[in-house]
Amino acid sequence: MLLKEYRICMPLTVEEYRIGQLYMISKHSHEQSDRGEGVEVVQNEPYDDPVHGQGQLTEKRVYLNSKLPSWARAVVPKIFYVTEKAWNYYPYTITEYTCSFLPKFSIHIETKYEDNKGSNDNIFDNEAKDLEREVCYIDIAYDEIPERYYKESEDPKNFRSEKTGRGHLKEGWRDSEEPIMCSYKLVAVKFEVWGLQTRVEQFVHKVVRDILLIGHRQAFAWVDEWYDMTMDEVREFERTTQEATNKKIGFFPPAISITDIALSSSARSGPSSAPSTPLTTDAPEFLSVPKDRPRKKSAPETLTLPDTTQMYGAHNAQGMFSCGEPSPPNSE
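Conventions adopted
Residues numbered from 1 in each chain as written. Predicted model: local features only at pLDDT ≥ 70, side-chain atom pairs only at ≥ 80, totals over all residues. Heavy atoms only, no water. pLDDT = per-residue confidence, 0-100. Helix = DSSP H or I, 4+ residues; strand = E, 2+ residues; numbered from the N terminus. Contact = heavy atoms within 4.5 Å. Pairing = 2+ DSSP bridges. Axes fitted to C-alpha atoms, helices over the stretch in contact; angles between N-to-C directions. Buried < 20%, exposed > 50% of the residue type's maximum accessible area, 1.4 Å probe, protein only. Polar contact = N/O pair within 3.5 Å; in protein donor to acceptor, adjacent residues only side chain to side chain.

J.: How should I be thinking about the confidence of the model for the protein in this particular structure?
T.: A low pLDDT score tells you not to read the predicted coordinates there in detail. Mean pLDDT over the protein works out to 77, with 68% of the residues at or above the 70 mark. In the model of the protein, helix α10 (residues 314-319) stands out as the element of lowest mean pLDDT, 34, in contrast to helix α6 (residues 223-226), which has the highest, 97. Predicted confidence for residues 252-293 stays below pLDDT 50, and this span has 23 contacts to residues more than four positions away or in other chains.

Pasting the structure below:
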């Protein structure tokens, strides 16, 4: 497990950011979603915790298949998603990311918000603070972001809010800007696969850092859009945007799947000497028909597969294509 604590300062108050965060997450999710790709909201409802009190529970599915490298797309399910579950007891939140296709992979994020410039070294409880971790400060104005995500209108160095007068953040702005708050995020990435653990965990932290940087930049750059909203208004915006996003993603199953076909124990676990499956559409040589042996005239020239939607019904056929059991960047 690789543990890092990120500290992201904003020229806002903690109460202001409560609205801005909800607005930013909804708008960003909608912008990043497209046909069959993006963020689908499965659950979003009030939740009462015996320790933390009243909050909001949100479960999302983040569809990522086209974002994967070609070698990964060849081995993962056609419809691949990460489940995001978030418990929001603002100013304290918990977020977990899991994937049923990768049971040894998980991301756990604890977040606390305070009105300071990232100076609290004891913000997390005693158990968490004793764990070895790296503290990373993220500067929304001067840290580099991937070029494909850069927008001049969302650059805090260039942006100035008409409603608040804040913006044009200069070098050293965290020491001079008022008001100022900090998002403290304790991020644990776990990928328990020998030989790949270190590389994958480091890569995931790089992705997490980029998402945090982009999301917090947008929350500030969109401040004039959400600054006058009440909690009821931003919740209504969240609801309508989620409905539009879910329609935008839709559901587009692949043509055929054998996910739910039961396999014998011998078929599930072949001998260690079994050759790996070639990533090619050509038949292997040992399956080819010998050229020196004439084919029988009665043999069919082609093999036609039955239509799975007719065999099982359209509704049940869709259930076969799930990444998980047969028929959970928030940027917080």
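Having seen the structure, we can now continue with the description.
J.: Help me understand the sheet that holds strand β2 (residues 38-49) in this model?
T.: Strand pairing within a sheet occurs via backbone hydrogen bonds; the two strands may be parallel or antiparallel. Spatial ordering of the open sheet is given by β2-β3-β4-β5-β6-β8-β1-β7, a layout of eight strands whose pairing is mixed. Whereas interior strands pair on both sides, the edge strands pair on one side only; in this sheet they are β2 and β7 (134-138). Within the sheet, the average angular offset between the axes of one strand and its neighbour, ignoring direction, is 15 degrees. Here strand β4 (residues 81-89) pairs with strand β5 (residues 92-98) via seven bridges, running antiparallel. Residue pairing for β5: A86 is matched across the bridge by T95. Running over the sheet, helix α1 (residues 14-32) touches β1 (2-10), β2, β3 (53-63), β4, β6 (105-114) and β8 (181-191) and is turned about 145 degrees from β6. Seen against the sheet, helix α5 (residues 197-221) touches β1, β6, β7 and β8 and runs at an angle of roughly 15 degrees to β1.

J.: Where do I start with the environment of T111 in this structure?
T.: Structurally, the position occupied by T111 is in strand β6. Take T111: its relative accessible area is 0%, and that puts it in the buried class. The spacing of T111 and I123 is twelve residues in sequence and 9.8 Å in space, taken between C-alpha atoms. In this structure the side chain of T111 is engaged in a polar contact, spanning 3.1 Å, whose partner is the side chain of K185.

J.: So what exactly am I meant to see when it comes to the side chain of K27 here?
T.: Within the element layout of this structure, K27 appears in helix α1. Judged by its relative accessible area of 17%, K27 is buried. Excluding anything up to four places from it in sequence, K27 contacts W222, E225 and F237.

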